[in-house]
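# A look at the structure
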Amino acid sequence: TQSRYNGPMTTQTSTEDQSWQRPINAISAVICVVVAVLILGPKPPGVAGAVDVSILPAVNASINATTTMVLLAGVAAIKARQIVLHKRLMLTAFALSAAFLMSYVTYHTFSVGPARYEGAYRGLYLFILLTHIPLAAIILPLALTTLARGWFGAIDQHRRIAPYTLGLWLYVSVTGVAIYWMAHG
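Quick caveat: nothing in here was measured; it's all calculated off a predicted structure. (Residues numbered from 1 in each chain as written. Predicted model: local features only at pLDDT ≥ 70, side-chain atom pairs only at ≥ 80, totals over all residues. Heavy atoms only, no water.)

Attention shifts here to the nonpolar core. Within the largest apolar cluster, 16 residues are counted, with the highest numbers of intra-cluster contacts made by Val70, Leu71, Ala93, Ile139 and Trp169. Going through the elements one at a time, helix H2 (56-79), helix H3 (83-110), helix H4 (122-151) and helix H5 (155-184) are the ones with two or more residues in this core. Here this core gets five residues from one element, more than from any other, and that element is H3. Contacts of Leu71, omitting those with residues within four sequence positions, involve Met90, Ala93, Leu166, Trp169, Leu170 and Ser173. One finds Tyr125, Ile179, Met182 and Ala183 within the second-largest nonpolar core, a separate group that totals six residues. (Core = buried A, V, L, I, M, F, W, Y, C linked by side-chain atoms within 4.5 Å. Buried < 20%, exposed > 50% of the residue type's maximum accessible area, 1.4 Å probe, protein only. Helix = DSSP H or I, 4+ residues; strand = E, 2+ residues; numbered from the N terminus. Contact = heavy atoms within 4.5 Å.)

A word on a nonpolar patch on the surface. Where nonpolar side chains cluster on the molecular surface, the patch consists of Leu91, Trp151 and Phe152 and spans about 350 Å² of accessible area. As for its position among the elements, Leu91 is in helix H3. (Patch = residues over 30% accessible without salt bridge, like charges linked within 9 Å, V, L, I, M, F, W, Y side chains within 5 Å. Areas by Shrake-Rupley, 256 points an atom, 1.4 Å probe, with all protein chains shown as cover. Salt bridge = Lys/Arg side-chain N within 4 Å of Asp/Glu carboxyl O.)

Another aspect to go through is unusual backbone geometry. Within the chain, Arg81 stands out as a residue other than glycine whose phi angle is a positive 60°. If you trace the backbone, Arg81 turns up in the loop between H2 and H3.

Let us now look at H2. End to end, H2 covers 34 Å across 24 residues, agreeing with the expected 34 Å (1.5 Å per residue, within 8%). For H2, every residue scored as buried is listed here: Leu56, Pro57, Asn60, Ala61, Ile63, Asn64, Thr67, Thr68, Val70, Leu71, Gly74 and Ala77. Where H2 is buried, its residues meet H3 and H5. Remark: Arg81 follows H2 within two positions and exhibits a positive phi of approximately 60°. (Expected span 1.5 Å × (residues − 1).)

It is worth spelling out H5 at this point. With 30 residues, H5 extends 41 Å from end C-alpha to end C-alpha; this agrees with the ideal 44 Å at 1.5 Å per step. Helix geometry: H5 is bent most strongly at Ile161, by close to 40°, with proline Pro163 lying one to four residues after it. (Bend = angle between axes of the 7 residues up to and from the residue.)

Another aspect to go through is the side chain of His132. Within the secondary structure, His132 is located in helix H4. Judged by relative accessible area, which is 13%, His132 ranks as buried. From its side chain, His132 meets the backbone oxygen of Val172 in a polar contact 3.3 Å long. Contacts of His132, omitting those with residues within four sequence positions, involve Tyr171, Val172, Thr175, Gly176 and Ile179. (Polar contact = N/O pair within 3.5 Å; in protein donor to acceptor, adjacent residues only side chain to side chain.)

At a minimum axis separation of 9 Å, H2 and H3 run at an interaxial angle of 165°. Classified by the angle their axes make, H2 and H3 are roughly antiparallel. The handedness of the crossing between H2 and H3 comes out as left-handed. Residue classes in the contact of H2 with H3 are distributed as 19 nonpolar, 10 polar and no charged. (Axes fitted to C-alpha atoms, helices over the stretch in contact; angles between N-to-C directions. Parallel < 35°, antiparallel > 145°, perpendicular 65-115°, else oblique. Left-handed = near helix turned anticlockwise from the far one by under 90°. Nonpolar A, V, L, I, M, F, W, Y, C, P; charged D, E, K, R; others polar.)

A few words on the confidence of the model for the chain. For the chain, per-residue confidence averages 89 on the pLDDT scale, and 90% of positions sit at 70 or higher. When the elements of the chain are averaged for pLDDT, helix H1 (residues 14-40) gives the smallest value, 84, and H2 the largest, 98. Note on residues 1-6: pLDDT is under 50 here. Beyond four places in sequence and across chains, it has 14 contacts. (pLDDT = per-residue confidence, 0-100.)

Have a look at this one:
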């Protein structure tokens, strides 16, 4: 059975924690800056519209929906003490989020412009969008930190932040689907 964690259980010191926290923060900051520049900055001539990326918002929403299901399955696995399954599911959720990020960056690199919501629920849409964006930036280092703590066996520290990571990650993935439905549906 897979009911017990087999790796080393440690109580890492803050110095050990920082050895991988700094690279996580740096990677997260670089990714956030790149995404912000792609969305807000000018595009080089000839890039916008050079590739048909019209299918990517639907792909991104599908990835977000799948991520939500995988995260919930990961929670069910850990509650059932299925540690190996939990690890696999959470790594799958992380891989899905990485695939989403690549698709999202591709879309915003080649799209002509952002989709605009013109429906009757503009206030709700803006609320969802304006909470989704900063939380999407926050979830990146938080998910990486949670993953690293679990990966390196800092289980107590992993358990301490995992519920917060899960809540934010679920919010970001669910609101990503909602944004797609509202802006593209």
